Amino acid sequence: AVVGIGVSGFCAMLYEVAWTRLLALAVGSSSDAYALMLVTFISGIAIGAAIVGRMPERRCGMKLFGWLELAVGGSTMVMMFCYHYLPYMFLCLSGWIAREEANYPIYQAAQSAICFLVMIVPTVCLGMTLPVVSRIATAKVKDTGRSVGVVFSVNTLGTVFGTVLTGFVLLPALGLARTLALGNALNLCLGAAILLRNRR
């Protein structure tokens, strides 16, 4: 589970960097656009963590972790077939809303809704993985601090590698579509490996 959350953290940052690049093509590369994407990403993570907080402890096992990884890979793979419509959607949006200062909040809200639709399912699933693995790794109450610390440190290390490798290696070498496909493959393989190991 701890190794898996490291891979999951790597994929999370791979998606965030790739989504930032993808949505910048349609929304623009302003600080407003970046903040919009970051708010959507973090909101999904928070929603996922809140869902796990309300779940009974007996359900937070390796089986759930495996299915969450499959859900992340599957949802991002499905959304890949919709990404090429995004520039057209934002173009239509700018045509429907008059370019007036009073309409700026409405335009931002509409942009947020589109980003939310693109990112919400995988980010909620990613947000659920960290508390689930924290529960799996905590075998004894007295070891909670140590176990959760290990989980968070490995996950953070994965996010660091994900950010650096995606921005400096994967996107320049593979391009946007193949980088996203690599993230899909990692999540799907991780989920399948967890479920198979748990079953055996």
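Okay, so let's go over this structure. (Residues numbered from 1 in each chain as written. Predicted model: local features only at pLDDT ≥ 70, side-chain atom pairs only at ≥ 80, totals over all residues. Heavy atoms only, no water.)

## A word on the overall build of the protein
Under the convention used in this document: Each helix corresponds to a stretch of at least 4 residues labelled H or I by DSSP, and each strand to a stretch of at least 2 residues labelled E; elements are numbered beginning at the N terminus. With C-alpha atoms as the basis for the radius of gyration, the globule rule is written as 2.2 Å multiplied by the number of residues raised to the power 0.38. Only protein chains enter the area calculation, which uses a 1.4 Å probe; residues under 20% of their type maximum are buried, those over 50% are exposed, and those in between are partly exposed. Throughout, a contact is declared for two residues whenever any of their heavy atoms are within 4.5 Å. The Shrake-Rupley method, run with a 1.4 Å probe sphere, supplies the accessible areas, and residue values consider only the shown protein chains as cover.
Of the regular secondary structure elements, the protein holds six helices and zero strands. The helix and strand sequence of the protein, counted from the amino end, reads α-α-α-α-α-α. Computed over its C-alpha atoms, the radius of gyration of the protein comes to 18 Å, within 12% of the 16 Å expected for a compact globule of 200 residues. On the principal axes, the C-alpha backbone points of the protein span a range of 60 × 35 × 25 Å. Taken across its 200 residues, the protein has 42% of its residues classed as buried. Within the protein, counting contacts between residues at least 6 apart in sequence, those at least 24 apart form 83% of the total. Total accessible area on the protein is roughly 10800 Å²; 68% of this is exposed by carbon and sulfur atoms.

## Observations concerning the packing of aromatic side chains
Where we set the bar: The pairing test for Phe, Tyr and Trp rings, Trp by its six-membered ring, is centres within 6.5 Å, and the orientation test on the planes gives stacked under 30 degrees, edge-to-face over 60, and tilted for anything in between.
Summed over all chains, the structure comprises two aromatic pairs. Aromatic pair Tyr15 and Trp19: ring centres 5.5 Å apart, planes at 25°, arrangement stacked. Pair noted here: Tyr15 and Trp19 are both in helix H1 (residues 2-27), with a separation of four residues, about one helical turn. Like Trp19, Tyr15 is buried. Following the ring pairs from residue to residue traces out a cluster consisting of Tyr15, Trp19 and Phe41.

## Things to note about a nonpolar patch on the surface
Going by this rule: Like-charged residues within 9 Å of one another, or nonpolar side chains (Val, Leu, Ile, Met, Phe, Trp, Tyr) within 5 Å, are grouped into patches, provided each residue has over 30% relative accessible area and no salt bridge. By salt bridge we mean one thing: a side-chain nitrogen of Lys or Arg within 4 Å of a carboxyl oxygen of Asp or Glu.
A grouping of Leu157, Val160, Phe161, Val164, Leu165, Phe168 and Val169 is seen on the molecular surface, where their side chains present a nonpolar patch of about 650 Å² in accessible area. Along the chain, Phe168 falls in helix H6 (residues 144-199). For Phe168, a relative accessible area of 68% corresponds to the exposed category.

## Some details on the state of the cysteines
As a reminder, the rule being used: Pairs of cysteine sulfur atoms within 2.5 Å are identified as disulfides in what follows.
Counted under the stated rule, the structure contains zero disulfides. Among the cysteines around Cys60, which has no disulfide bond, Cys125 carries the closest sulfur, lying 14 Å off. Free of any disulfide, Cys125 has its nearest cysteine sulfur in Cys11, 13 Å distant. For Cys125, a relative accessible area of 11% gives the class buried.

## Re helix H3 (residues 62-80)
In plain terms, the rule: Helix span, as expected, comes to 1.5 Å for every residue beyond the first.
With 19 residues, H3 extends 27 Å from end C-alpha to end C-alpha; this agrees with the ideal 27 Å at 1.5 Å per step. Taken together, the buried positions of H3 are Leu64, Phe65, Gly66, Leu68, Glu69, Val72, Gly73, Ser75, Thr76 and Met79. Buried residues along H3 sit against H1, helix H5 (104-137) and H6.

## So, the nonpolar core
Rules: Within this scheme, the nonpolar core is defined by two criteria: the residues are buried Ala, Val, Leu, Ile, Met, Phe, Trp, Tyr or Cys, and they are joined through side-chain atoms within 4.5 Å.
Grouped together as the largest cluster of nonpolar side chains are 47 residues, with contacts concentrated most on Tyr15, Trp19, Leu23, Tyr83, Leu86, Val118 and Val132. For this core, the element with the highest residue contribution is H5, accounting for 13 residues.

## Thoughts on the environment of Thr166
The residue Thr166 is located in helix H6 in this model. When the C-alpha atoms of Thr166 and Ser8 are compared, they prove to be 14 Å apart, with 158 residues separating the residues in sequence.

## Brief notes about the side chain of Ser147
Structurally, Ser147 is set in helix H6. Ignoring anything within four residues of it in the chain, the contact list for Ser147 reads Ala137 and Thr138.

## Regarding the packing of H3 against H5
Quick reminder of the rule: Every axis in this analysis is a line fitted to C-alpha atoms, fitted for helices over the stretch in contact. Angles between the N-to-C directions lie between 0 and 180 degrees. An angle below 35 degrees is read as roughly parallel, one above 145 as roughly antiparallel, one from 65 to 115 as roughly perpendicular, and any other as oblique. By definition, turning the near helix anticlockwise from the far helix through less than a right angle yields a left-handed crossing, and turning it clockwise yields a right-handed one. Here the term charged refers only to Asp, Glu, Lys and Arg, the term nonpolar to Ala, Val, Leu, Ile, Met, Phe, Trp, Tyr, Cys and Pro, and the term polar to all other amino acids, Gly among them.
Interhelical geometry of H3 versus H5 gives an angle of 165° and a closest axis separation of 9 Å. One finds that H3 runs roughly antiparallel with respect to H5. Judged by the sense of rotation from one axis to the other, the crossing of H3 with H5 is left-handed. Each of Met62, Leu64, Phe65, Leu68, Glu69, Ala71, Val72, Ser75, Thr76 and Met79 in H3 lies in contact with H5, whose residues at this interface are Leu117, Val118, Val121, Pro122, Cys125, Leu126, Met128, Thr129, Val132, Val133 and Ile136. Looking at the contact of H3 with H5 residue by residue, the class counts come to 17 nonpolar, three polar and one charged.

It is worth stressing that arrangement in space is one thing and function is another; only the former is reported here.
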